[in-house]
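Close look at the chain arrangement
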Amino acid sequence: MNAVIEAIRTRRAVRTYQSKPVPRDIVNVIIDAGNEAPSAMNSQPWRFVVIEDGEVRKKLLKAALPNAKKILESVRESDPARYEAITKRLNELPDPVYYSAPVIVFVIGSGRYAHHSCPLACENMMLAAHSLGLGSCWVGFGSMVTEDKEVKRILDLSDDETIFGPILLGYPEGYPERPPKKEPTVKWV
Ligand SMILES: Cc1cc2nc3c(=O)[nH]c(=O)nc-3n(C[C@H](O)[C@H](O)[C@H](O)COP(=O)(O)O)c2cc1C
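Attention now goes to the environment of serine 136. Take serine 136: it is sitting in strand 3 (residues 135–138). Given a relative accessible area of 2%, serine 136 falls into the buried group. On a C-alpha basis, the gap between serine 136 and threonine 16 in space is 9.6 Å, while along the polypeptide they are 120 residues apart. Among all residues touching serine 136, those that are not within four sequence positions of it are Arg12, Ala13, Val14, Tyr17, Met126, Ala129, Ile167, Leu168 and Leu169.

Let's shift gears to the nonpolar core. One finds Ile51, Leu60, Tyr98, Phe106, Val145, Leu155 and Leu168 to be the most contacted residues of the largest nonpolar core, which totals 25 residues. Elements with a contribution of two residues or more to this core: strand 1 (46–51), helix 3 (54–74), strand 2 (103–110), helix 6 (149–155) and strand 4 (161–170). A total of six residues in this core trace back to one element, the largest contributor, which is helix 3. Phenylalanine 106 has contacts with Arg47, Phe48, Val49, Ile51, Leu60, Tyr98, Gly142, Val145, Leu155, Ile163, Phe164 and Pro166, leaving out every residue within four places of it along the chain. Ranked by size, the runner-up nonpolar core spans 22 residues in total, among them Val103, Val105, Phe164 and Tyr171.

Further remarks concern the site of the ligand. Near the ligand you find 13 residues, and of these Ala13, Arg15, Tyr99, Gly140 and Lys181 are the closest. Between the ligand and the protein, one listed contact pairs an oxygen atom with a side-chain N or O atom of tyrosine 99 at 2.5 Å. Tryptophan 138 is positioned with one of its backbone polar atoms (N or O) 2.9 Å from a nitrogen atom of the ligand. Here the shell around the ligand is composed, by residue class, of seven nonpolar, one polar and five charged.

About the thresholds
Residues numbered from 1 in each chain as written. Predicted model: local features only at pLDDT ≥ 70, side-chain atom pairs only at ≥ 80, totals over all residues. Heavy atoms only, no water. Helix = DSSP H or I, 4+ residues; strand = E, 2+ residues; numbered from the N terminus. Buried < 20%, exposed > 50% of the residue type's maximum accessible area, 1.4 Å probe, protein only. Contact = heavy atoms within 4.5 Å. Core = buried A, V, L, I, M, F, W, Y, C linked by side-chain atoms within 4.5 Å. Near = heavy atom within 4 Å. Polar contact = N/O pair within 3.5 Å; in protein donor to acceptor, adjacent residues only side chain to side chain. Nonpolar A, V, L, I, M, F, W, Y, C, P; charged D, E, K, R; others polar.

Structure, rendered in structure tokens:
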């Protein structure tokens, strides 16, 4: 099969990682793939912050976890199955937000085109990672760190910027099954 289609079909959100570090030149190839994404008006409204440091990862987790728990409460009634699954992860894993991934890439965007364009950079990165034998996961819970002054300083995050992702990267420890996907709704005219 065509390699791109194959990568799109087989990429999965990976939530278990080996502790083995990811070489920086590989992370750079993945970031370059993100940087090649299309963007409205070719605005390229993104920048990248790569977190490898263990102490910083602990600070991120401390900042994100209470917010992840709050959001989770809001789906308790509307989506009980998802609530149960995520609660299990929160209770059992040492790092239920960033899944102890060795690399966390914050994609940070600003300006009117960021919301349309930055997710394309994220998807390019996840596909590139997959094609290189790495696992990846967009962890929205992991973006909920913006109330923490120290984390904001580490990310150089200003008030007009938004975090997309972050995107976890690492060598997978096991590979997830394809979750159920709906058939596309398509109208041909
Ligand atoms: C915007 C966005 C936010 C996400 N946030 C999380 C998250 O916080 N934690 C998590 O484990 N997975 C997160 N995911 C991954 C999705 O759960 C995953 O993509 C989905 O279940 C489909 O699985 P697949 O990526 O293997 O096809 C997120 C994905 C997207 C696109």
